[in-house]
Structures are given as C-alpha cells and as structure tokens.
Amino acid sequence: MRRVFSEAFEDWWERGIEAGELSAIDRGLVLMIGRHLGNESPEERLLGLVLVAALSRSRREGHVLIDLDEAPSHPLVSPWIASLPPRERWEEILLSLPVVAHPGEKVRPLLLDGRLLYFYGLYEEEGLIVSGVLERISSPERSLSPDEKGALQELAGNDAALRDILSGALTRSLFLLTGGPGTGKTYTSSRILEGVRRIQPHRPFVVATPTGKAAQRFREALSSDDIEVVTLHRLLGMSDRGFYYGPDRPLPYDLILLDECSMVDLPLIAQLFRSLTREASLILVGDKNQLSSVGPGSVFGDLADTLGGLSRDFPAAGRSVFVLTRNWRQGEWEEFGSFTQAVSEGKAGQAMEILSGHRESDGPMTWIEPQSGEIREVGSRLVDHWKPVVFAEDEEKAQSLLGSFALLGGFREGPGGTRNLNRLLWKHFENLRPRGDLFFPVIVVENSYETGLMNGDMGILKIVDRKPSEAFFPGPEGKSRRLVPALLPPWEGAFAMTIHKSQGSEFDHVFVYLGCEYHPLLTRSLLYTAVTRARKRLTLYGSRELLEKTIGRVGGRSTGLGERLRKTGDAESD
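Residues numbered from 1 in each chain as written. Predicted model: local features only at pLDDT ≥ 70, side-chain atom pairs only at ≥ 80, totals over all residues. Heavy atoms only, no water.

## So, the overall build of the protein chain
Link 1 in the chain: In terms of helices and strands, the protein chain carries 22 helices and 22 strands.
Link 2 in the chain: Relative to the compact-globule value of 25 Å for 574 residues, the protein chain shows a C-alpha radius of gyration of 25 Å, a close match.
Link 3 in the chain: If you line up the protein chain on its principal axes, its C-alpha atoms span 70 × 70 × 50 Å.
Link 4 in the chain: Counting all 574 residues of the protein chain, 55% fall into the buried class.
Link 5 in the chain: A sequence separation of at least 24 residues applies to 70% of the contacts in the protein chain between residues at least 6 apart.
Link 6 in the chain: Accessible area of the protein chain: about 25,400 Å², with a carbon and sulfur share of 48%.
Link 7 in the chain: Counting 68 positive and 79 negative side-chain charges, the protein chain places the centres of these two groups 3 Å from one another. (Helix = DSSP H or I, 4+ residues; strand = E, 2+ residues; numbered from the N terminus. Rg over C-alpha atoms; globule rule 2.2 N^0.38 Å. Buried < 20%, exposed > 50% of the residue type's maximum accessible area, 1.4 Å probe, protein only. Contact = heavy atoms within 4.5 Å. Areas by Shrake-Rupley, 256 points an atom, 1.4 Å probe, with all protein chains shown as cover. Lys, Arg positive; Asp, Glu negative; His and termini not counted. Charge placed at Lys NZ, Arg CZ, Asp CG, Glu CD.)

This is the structure we're talking about:
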C-alpha cells in the first residue's frame with residue numbers, strides 16, 4: 001500500500017489483517033478510495049477511509065449499509081473516534097467527498113441516503129427490488145373463470161386456507177408464502193403447481209432453489225417427475241461471464257416459484273427481478289425466521305414483514321403474503337414445533353423448559369448439557385452416527401444414507417468449530433480402518449459450471465487405503481454421478497458443517513454442536529435454522545447459559561429494503 005495513509009493507519013491495518021478483522025477485499029477497496037481522495041483535511045480523509053473499511057466488512061457479514069448514527073460503535077470505527085471529526089459533521093463531510101453520491105446523482109463508489117451509507121451498487125439493487133415489488137403488487141389480478149375457480153375448489157377440498165393460497169398465488173403477480181417447520185410449505189407449493197397444471201396447462205412455469213440439495217429435496221416431494229426444478233444460478237444462466245438472462249433477454253417463463261427464498265441474497269434476487277417479463281408472476285416461498293443468506297441482505301424476511309405491515313393502508317400488499325401457522329407434525333414431534341416457535345420468538349425460558357424434559361432422552365428431542373465442553377464428551381456418539389455411511393457396503397448405500405444424519409456447528413474455526421470436528425472425525429475413521437474402502441461425506445464449496453456441481457452439493461468420496469479414489473454425487477433422474485477426485489471443484493469434508501451450509505437441506509437426525517463457550521456468531525436465527533433442519537430427531541449439545549444467551553440475541557442485518565418499501569408504498573397508497 002503506497003504511502004497515502006498515515007503510518008498509524010497502516011499499522012492498524014496490518015494488525016487487523018493478522019487478527020482476521022479485515023480482509024484483502026477490504027484492503028483493496030480502501031486503497032482504491034484513498035487514491036480518489038485529494039484535498040480533504042487529515043481528519044476528513046481518515047473518516048472516509050475508516051467508514052469504507054467498516055462498510056466493506058459489514059458487507060462481508062451480510063449487511064447492506066451502515067447507519068451513521070450506529071457507526072461509532074462499529075469495531076473498526078470506535079478505535080478512531082478521538083481522531084475523527086465531530087459526528088454531527090459526518091454527513092456533510094461524506095457528501096463533499098468525490099467518491100460519495102447522493103440519490104439521483106451519477107454513479108460513484110459510495111452513496112449516502114440520509115444517514116445511511118451504501119455501496120452504490122447495493123443501493124441500486126435494493127431500489128430495483130422495491131420498484132419491482134410495488135409494480136407487481138399494484139398490478140391487476142388475473143381473473144379466473146367459473147370453471148377455473150371450480151377446479152381450484154376441487155383441488156383445495158375443505159381446506160379454506162389452501163383455497164385462499166391457490167387463488168392468491170395464481171392470480172397475483174407477486175405472492176409470498178411463509179411458515180415455520182412442519183407447516184407444509186413444500187406440500188402447499190406442490191398444490192400451487194398442480195393448480196397451474198389444472199387451470200393453466202399451457203402456462204410455462206419453473207421451480208428454482210438456491211442450492212442443488214434444495215432442488216433435489218423439492219423434486220422428491222413432488223408427485224410428478226415432469227416439473228422443471230433447477231437452481232436459481234442455473235435458471236439465470238450464471239457463469240464466469242455473468243448472467244445469460246437479464247433485461248435484454250428475459251426468462252421464457254410466465255410463472256416462477258422460488259423455494260427456500262431466505263437463502264437468496266440481495267444481488268441475486270435483484271438479478272431475478274431484472275430477468276422477469278412484465279407479465280410474469282413470481283411466487284417466493286420460505287421461512288422468514290430462518291437464517292438470512294450468506295451474501296448481503298435479508299430480502300425474504302424484509303419483504304414478508306414489511307408487506308404484512310402495509311396491509312392496512314395498502315390492501316394489495318397484505319393480499320400478497322400468506323403465513324402458514326398450522327403445524328402438521330403430531331405426537332412427540334409436536335413439542336418440537338413448540339420449541340422452535342419459542343426460539344424464533346426469543347422466549348428463552350419457555351424453550352429451556354421444554355428442553356429440560358428431554359435431558360439425555362431417547363426420544364425425538366435430546367438435550368446434552370456439557371460437563372467440560374470438550375469434544376470427547378460426545379465423540380463416541382458422533383462416530384456411531386457416521387458409521388453406517390463410512391462403513392457402507394458400497395457407494396450407492398452410502399449415498400442413500402447421506403440425509404440420515406448431520407452434525408451442525410455455528411462457526412468454522414476454533415476447537416469446537418466445524419473445521420476441527422471434520423478433521424478429528426476424518427482421522428478417527430482413517431485410523432479405524434487404515435486399509436480397505438471407506439465412504440466419507442463431502443460438500444462442494446464453490447460453483448463449478450464445468451462439472452455442474454454447485455456450492456452446497458453433498459456427495460460421497462470413496463477412500464481406498466487412505467487415498468481418495470472416486471467421488472459420487474446425485475445426478476439427473478436419481479442416478480449417481482461418478483467423478484475423478486482430481487476434477488472436483490473445491491470441496492471439504494462434511495462430517496460436520498456450519499449451520500449456514502446446511503440451509504436448504506433437511507436430515508432425519510440433526511446433532512447441533514454448540515458446547516459451553518459463547519461465540520459472536522451464535523444468534524437466535526442461527527439456532528432456529530439449525531434445529532429446523534431436523535425431520536425426525538434433534539440432539540442439542542450446549543450449556544443452559546449459552547443457549548439462553550443465543551436465543552436472546554437477535555443478530556439482525558442492516559438493510560434499507562423494508563423502510564424504502566414502506567415509504568414508497570405509503571406514498572402510493574395516499
């Protein structure tokens with residue numbers, strides 16, 4: 001970095017890189033901005049550089065913006081407060097910088113909207129979604145003929161809620177369907193698609209999901225195998241050269257259903273809106289309380305909450321959202337629904353009361369309170385759960401068992417992180433059988449358009465005499481794909497995976513490994529996402545204090561989508 005910064009700033013920067021608080025991306029952005037600054041005072045220059053560093057890190061953490069009123073407490077800003085100009089001058093100073101635009105001005109790297117600082121591109125994408133949503137919820141509803149209404153009535157039977165959902169989804173240009181685990185989101189989605197086939201058989205439609213695993217799970221839930229289900233990346237034609245579909249080449253579909261929408265970040269949702277024809281309908285399905293996307297934004301949660309709140313003054317907004325509330329899981333598993341609801345609502349006392357009845361139980365829910373917090377406390381359990389996969393008779397059997405168990409952790413690094421859990425289990429099984437065949441679970445960590453494997457796809461790696469021999473991943477029509485390990489895109493072991501990586505997947509038995517020590521990444525939505533991956537059985541390993549603190553920590557994201565939608569929606573309803 002050339003000497004365009006003070007020595008103290010460069011020293012702070014190097015310490016931040018070493019501590020993992022700053023990245024090479026942050027450094028590149030700050031360097032670029034620094035080269036465009038010129039005649040400012042040292043304090044004004046420092047303000048711009050520090051806020052760019054904080055904004056870049058915030059983007060990596062999933063935030064879309066920085067609120068200037070909250071910026072002084074940001075960990076990258078607070079060390080410099082004494083050297084920065086008075087806070088009441090920050091807005092004025094930023095707008096005077098040549099790298100900061102005001103809404104409506106020509107493109108610059110940054111944009112300040114009131115007290116909210118954005119990267120210009122994210123502000124534009126957020127605005128594109130706002131205008132796209134309002135245009136669609138304000139557009140006239142499709143009319144249904146008496147015969148079509150009768151067909152939907154027959155499909156819904158005596159279920160009044162399903163009847164309302166079918167009518168809304170098939171007549172409105174934008175429709176959101178949300179609900180917690182066990183409320184029937186996938187089943188309801190399949191009924192919507194069946195409704196399309198019955199009353200609009202020539203209407204071209206497609207189902208999109210964020211990951212290949214989610215696409216596979218959706219296909220398995222359908223009664224018909226002739227419905228097109230693809231990943232959103234593949235639908236949009238994403239490649240190293242960008243997107244095939246966009247405003248100049250819109251998607252050739254009249255209806256698109258996007259499942260697991262909470263996993264999709266703001267830039268990808270914006271690209272989807274760019275790629276729709278004006279006549280196309282969009283159905284967004286997901287759990288608004290689930291963990292947000294890895295990338296920036298919390299689009300689905302923002303839309304579901306905001307449109308519902310606009311319903312009184314803007315009825316069209318309210319008619320565009322339906323919340324599934326009835327839990328269809330019965331018996332002991334019904335208590336699991338009560339537990340997940342308590343977690344999502346931040347009711348730590350109620351959640352812990354439920355867990356207290358399941359200490360070391362053999363039922364569908366088990367709570368293990370750590371004594372030392374060391375991995376060996378539960379090591380034998382984890383090994384036993386993975387043995388059927390690792391020692392399967394062949395790759396086909398190993399693949400069929402992949403969805404039976406998952407070990408989920410809240411973070412990657414550290415003794416209780418998923419990287420270390422993976423390493424220990426990998427070594428343990430290698431030592432148990434140093435000769436012969438083993439089948440290890442693996443997960444792809446980068447999209448590969450050459451192989452067709454996408455980030456999040458899970459498969460089996462065959463190990464022969466401690467060396468990778470072959471890899472097997474799910475292929476089309478339920479067939480297995482065999483690949484040479486050397487040709488695989490970047491991958492890692494999946495004995496343990498982060499909760500983020502598990503999004504879009506479900507497993508018969510989920511073991512959530514939290515331990516005793518609280519980590520800043522542990523939030524209510526993270527825990528909620530982890531426990532709702534379980535289909536039949538949940539094991540939770542974590543101390544009471546840690547669980548209570550995690551359930552109590554909201555950990556939301558800084559975005560402007562909801563507020564911009566409210567302001568624009570209120571203006572249109574006046």
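## Things to note about empty space enclosed by the protein
Link 1 in the chain: A full pass over the atoms with the stated rule returns one cavity of 30 Å³ or more.
Link 2 in the chain: Here the largest cavity defines a volume of roughly 30 Å³.
Link 3 in the chain: Every residue lining the largest cavity is listed: Ile499, Val512, Leu514, Leu522, Thr523, Leu526, Leu527 and Thr550.
Link 4 in the chain: Elements represented by at least two residues in the lining of the largest cavity include exactly strand 21 (507-515) and helix 20 (524-531).
Link 5 in the chain: Among the residues making up the lining of the largest cavity, the classes are represented as six nonpolar, two polar and no charged. (1 Å grid on protein atoms, 1.4 Å probe; cavity = no way out; pocket = protein on both sides within 12 Å on 5 of 7 lines; lining within 4 Å. Points joined across faces, edges and corners; volume = space filled by probe spheres on them. Nonpolar A, V, L, I, M, F, W, Y, C, P; charged D, E, K, R; others polar.)

## Comments concerning helix 6 (residues 146-156)
Link 1 in the chain: Where helix 6 is concerned, the buried positions are Glu148, Ala151, Leu152, Leu155 and Ala156. Burial along helix 6 is one-sided: seen end-on, the buried residues are contained in an arc of 130°. For helix 6, the exposed residues set more than 90 degrees away from the buried face come down to Pro146, Asp147, Lys149 and Glu154.
Link 2 in the chain: On its buried side, helix 6 packs onto helix 7 (160-171) and helix 8 (185-199).
Link 3 in the chain: Phi for Gly157, located one or two positions after helix 6, is positive at around 65°. (Arc of directions from axis to C-beta.)

## Section: the packing of aromatic side chains
Link 1 in the chain: One pass over the structure, following the stated rule, counts 17 aromatic pairs.
Link 2 in the chain: Their ring planes at 65° and their centres at 5.8 Å tell us that Trp12 and Trp13 sit as a pair that is edge-to-face.
Link 3 in the chain: Relative accessible area serves as the criterion here: at 10%, Trp12 is assigned to the buried category.
Link 4 in the chain: Judged by relative accessible area, which is 1%, Trp13 ranks as buried.
Link 5 in the chain: Here Trp12 and Trp80 contribute two aromatic rings whose centre-to-centre distance is 5.5 Å and whose plane-to-plane angle is 85°, an arrangement assigned as edge-to-face. Note that Trp12 is positioned in helix 1 (residues 7-19) and Trp80 in the loop between strand 1 (65-67) and helix 4 (90-96), a separation of 68 residues in sequence. Of the two residues, Trp12 and Trp80, both sit in the buried class.
Link 6 in the chain: Aromatic rings pair up to connect Trp386, Phe391, Phe405, Trp426, Phe429, Phe440, Trp491 and Phe495 into one cluster.
Link 7 in the chain: When the ring centre of Tyr244 is taken as reference, the NZ or CZ atom of Arg249 above it lies at 4.0 Å.
Link 8 in the chain: Just above the ring of Tyr123 sits the side chain of Arg564; from NZ or CZ to the centre is 3.9 Å. (Phe/Tyr/Trp six-rings, centres within 6.5 Å; stacked < 30°, edge-to-face > 60°. Lys NZ or Arg CZ within 6 Å of the ring centre and 35° of its normal.)

## Some points on the packing of helix 16 (residues 376-390) against helix 18 (residues 418-432)
Link 1 in the chain: One can describe the packing of helix 16 onto helix 18 by two numbers: an axis separation of 11 Å at closest approach and a directional angle of 60°. Overall, the two elements helix 16 and helix 18 adopt an arrangement that is oblique. For the pair helix 16 and helix 18, the sense of crossing is right-handed. The residues of helix 18 that touch helix 16, namely those facing Leu382, Val383, Trp386, Lys387 and Val390, are Leu425, His428 and Phe429.
Link 2 in the chain: Looking at the contact of helix 16 with helix 18 residue by residue, the classes come out as six nonpolar, one polar and one charged. (Axes fitted to C-alpha atoms, helices over the stretch in contact; angles between N-to-C directions. Parallel < 35°, antiparallel > 145°, perpendicular 65-115°, else oblique. Left-handed = near helix turned anticlockwise from the far one by under 90°.)

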